[in-house]
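One-letter residues, chain by chain:
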Amino acid sequence: MWFSMHQQFQYIIIGAGCAGLQLAKALLDLPGESVKSILLIEANENHQEKSWCFWHEKNHAYQHLVEKEWNVVGFVGNGISITRSAHPKSYQYINSAHFAKYHFDYFKTDPRITVLFEEVLEVTAAGNVNTVKSVNQVFEGEYVFYSHPKILDPNIPKPTVWQHFLGWEIKTEAAVFDVDKAMLMDFDLGHEPDIRFMYILPFAEDRAMVECTIFSEEIYDLENYENSLKAYIEKKITKNYVIESIEQGQIPMTLTKFRTGNVNNIIPIGTAAGCIKASTGYSFVRNMRNTRAIIDCIRKNEKIETQVTTRKYLFFDLLLLRVILHEPHLVKTIFTKLFKNNPINEVFSFLDEQTNLWQDFKIVSRLPQLPFLKAIFRK
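Everything numeric in this text was worked out from a predicted model, so none of it was measured.

**Some details on the overall build of the protein**
And step 1. A tally of helices and strands in the protein yields 9 helices and 17 strands.
And step 2. Relative to the 2.2 N^0.38 estimate, which gives 21 Å for 379 residues, the radius of gyration of the protein is 22 Å and therefore close to what a compact globule would have.
And step 3. By its C-alpha atoms, the protein is 70 × 50 × 40 Å across when sized along the principal axes.
And step 4. Looking at the protein, you have 41 positive and 44 negative side-chain charges, and the mean spots of the two groups are 7 Å apart.

See the structure below:
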C-alpha cells in the first residue's frame, strides 16, 4: 500500500498516439478486477490528422476502422512497372483522427480510465514508486508506459535518416485513378539527387492522396516537395485538379538504442520501444503486436518484457540505412529488384520481420550484393 498525497493509478500511459491508444483500450478489455485504474496523458488535445497504412490480412482488431483497402499494389522504378495482387493480404488505410475519436469515445464509457491533456515533464522511480510529473500535477503509477523516447532519454541524438513527405489529396476533373491499386513507390521522377518517390492512395476514380516521399539526412523546405508534386501530377496524372487537403510529416529512420526493457515497471511503447521500423517507417502492425505481447504478460502475471525486433532484422535495417547514407543512388535499384524478383507477400513478410532464414536467403540473394557487402564495413 502506498502512502502519498499524489494521485495514484495502477497504469499510467504517456502519449495518446497509435501505441498509447491501443494499449489503453487493450487494458480496459481485460477483466475488470485485473485493471482498476488507468491514466492516459497526452500533451496535445488537438489531434493532427494522418494517414496510417499497412498491409495485413482482413481479420485484425481494427478492421472496422479501415476506411479503404487496396487489393493490388504497384511499383515503378528503373523503367520497370510492376502490378501485383496482395492476396490474401490487402493494403489498408486508417484515418488517425477517426482512430483517436473511436478510442476517446470508448474511454468515456469506462470510469476506470482518466484522460488528461497536459505535458509530462519528468518520470522518476524511487523504491517501488514511479512518479510522473506533469505541468500542473504529480501522479504515482504501479506501471508507467511511455511512447516518446525523450521523456527518459532527453539527450538522444537526432535520427541518422529521416523519411519526410508532403501529400496532396487531389480531386480531378476526370476519372483517372484505379481505385483498387495503391502505388507504393513510383521512382519515375527524372534525375533527382536524393532518394525520392511518389506514393499514391486512390480513394475514388477522381480523388487520391499523392505524396512525395524522401529519404535523407535533413528535412527540406516546403517548396521542394511542392515542385515535385506539381511536376509529377501534371506529367503523369492530369493538369486539371484541385488540392483538397495537405498532409506533411517526418518519420525517424533510426537504430538509436533507446532505454529499453522494463526498469522499475517503467516500460517503453511505440517509438520509444522501436516500433517504427527503421528501414520503412511503418509502425501500425508493430504497435499491435507489441500491445498483444504486453497484454499476454499481464494475463500470465509475468514481468512485462517485450521484444519488437531481433538482431537479424536490426542488422538488415542497419545495412540499408548505411546504403541510404553512403550510396543513395543505388537505393532505387535495390527496391526495384526487391519488388521485381520476389512474390509481393514474401516482400511484405520480410518487411514485417516474419520470415525464416531460408526465406531471408532467397530474398537477399536476389538483391545487389556489393552495396550491402560494403555497408558491413562502413560506420
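**Let's talk about the pairing of strand β3 (residues 51-56)**
When a strand is regular, its side chains alternate between the sheet's two faces.
And step 1. Burial analysis of β3 places 5 of its 6 residues in the buried class, which makes it a mostly covered element.
And step 2. As paired elements, β3 and strand β7 (residues 90-95) share 6 bridges and run antiparallel to each other. Residue pairing for β7: Trp-52 is matched across the bridge by Ile-94.

**Section: empty space enclosed by the protein**
And step 1. Applying the stated criterion to the full structure yields 3 cavities of 30 Å³ or more.
And step 2. Computed from the structure, the largest cavity encloses a volume of approximately 100 Å³.
And step 3. Elements that contribute at least two residues to the lining of the largest cavity include exactly β3 and α4 (284-299).
And step 4. The leading source of residues in the lining of the largest cavity is α4, at 4 residues.
And step 5. For the lining of the largest cavity, the class distribution of residues is 6 nonpolar, 2 polar and 4 charged.

**Comments concerning a nonpolar patch on the surface**
And step 1. Taken together, the side chains of Phe-315, Leu-370, Leu-373, Ile-376 and Phe-377 define a hydrophobic patch exposed on the protein surface, amounting to about 550 Å² of accessible area.
And step 2. Among the elements that take part in the nonpolar patch, helix α9 (residues 370-376) stands out by supplying 3 residues, more than any other.
And step 3. Structurally, Leu-373 can be placed in helix α9.
And step 4. Judged by relative accessible area, which is 47%, Leu-373 ranks as partly exposed.

**Some thoughts on the nonpolar core**
And step 1. Membership of the largest hydrophobic core comes to 42 residues, with the highest contact counts inside it found for Tyr-91, Leu-201, Phe-215, Ile-324, Phe-335 and Phe-339.
And step 2. Excluding residues within four positions of it along the chain, Phe-339 makes contact with Phe-75, Ile-82, Arg-84, Leu-184, Met-185, Ile-344 and Val-347.
And step 3. Residues Ala-16, Val-66, Ile-94 and Ile-295 belong to the second largest nonpolar core, which totals 38 residues.

**Thoughts on the side chain of Asp-194**
And step 1. Mapped onto the fold, Asp-194 is located in the loop between β13 (181-186) and β14 (195-204).
And step 2. For Asp-194, a relative accessible area of 15% corresponds to the buried category.
And step 3. Within the structure, the side chain of Asp-194 is placed 2.9 Å from the side chain of Tyr-220, a separation counted as a polar contact.
And step 4. Excluding its chain neighbours within four sequence positions, the residues that come into contact with Asp-194 are Ile-214 and Tyr-220.

**Describing the side chain of Thr-254**
And step 1. Topologically, Thr-254 is positioned in the loop between β16 (241-253) and β17 (266-268).
And step 2. Thr-254 gets classed as buried once you look at its relative accessible area, which sits at 15%.
And step 3. When near neighbours in sequence (up to four residues on either side) are disregarded, Thr-254 contacts Pro-159, Thr-160, Ala-278 and Leu-321.

**Thoughts on the environment of Lys-25**
And step 1. On the secondary structure map, Lys-25 appears in helix α1 (residues 18-28).
And step 2. Put simply, Lys-25 and Tyr-106 are 81 residues apart on the chain and 7.9 Å apart in space, counted from C-alpha to C-alpha.
And step 3. If sequence neighbours within four positions are ignored, Lys-25 has contacts with Tyr-62, Tyr-102, His-103, Tyr-106 and Phe-107.

Conventions and cut-offs
- For every chain, the first residue of its written sequence is number 1, and the numbers climb from 1 along that sequence.
- Per-residue local features of the predicted model are confined to residues with pLDDT of at least 70, and side-chain atom pairs are confined, for both listing and counting, to 80 or more; whole-chain, interface and lining totals are unaffected and use all residues.
- Heavy atoms from the whole structure form the basis of all side-chain values; hydrogens and water molecules are not counted.
- Runs of H or I in DSSP of at least four residues are treated as helices and runs of E of at least two as strands, each being numbered from the N terminus.
- Radius of gyration: C-alpha atoms only; globule rule: 2.2 Å multiplied by the number of residues to the exponent 0.38.
- Just so you know, the count uses Lys and Arg for positive and Asp and Glu for negative, and it drops His and the chain ends.
- Note that the charge is assigned to NZ on lysines, CZ on arginines, CG on aspartates and CD on glutamates.
- With a 1.4 Å probe rolled over the protein chains alone, any residue whose accessible area is under 20% of its type maximum counts as buried; one over 50% counts as exposed, and the rest are partly exposed.
- DSSP-based pairing: two strands are paired if at least 2 bridges between them are found.
- Of the two site types, the cavity is a set of points on a 1 Å grid over the protein atoms alone where a 1.4 Å probe fits but cannot get out, and the pocket is an open set with protein on both sides within 12 Å along at least five of seven lines, each lined by residues with an atom within 4 Å of a point.
- Grid points are joined across faces, edges and corners, and a volume is the space filled by probe spheres set on the points.
- Charged means Asp, Glu, Lys or Arg here, nonpolar means Ala, Val, Leu, Ile, Met, Phe, Trp, Tyr, Cys or Pro, and polar covers whatever is left, Gly included.
- Residues enter patches when they are more than 30% accessible in relative terms and free of salt bridges; like-charged ones are connected within 9 Å and nonpolar ones (Val, Leu, Ile, Met, Phe, Trp, Tyr) within 5 Å.
- Residue-level accessible areas treat just the shown protein chains as cover; the underlying method is Shrake-Rupley with a 1.4 Å probe.
- When a carboxyl oxygen of Asp or Glu is within 4 Å of a side-chain nitrogen of Lys or Arg, the pair counts as a salt bridge.
- Nine residue types can take part in a nonpolar core, namely buried Ala, Val, Leu, Ile, Met, Phe, Trp, Tyr and Cys, and a core is a set of them joined through side-chain atoms within 4.5 Å.
- Residues are treated as being in contact if the distance between any of their heavy atoms lies within 4.5 Å.
- In protein, a polar contact means a hydrogen-donor-capable atom and an acceptor-capable atom, both N or O and within 3.5 Å, with residues adjacent in sequence counting only if both atoms are side-chain atoms; elsewhere, any N or O pair within 3.5 Å suffices.

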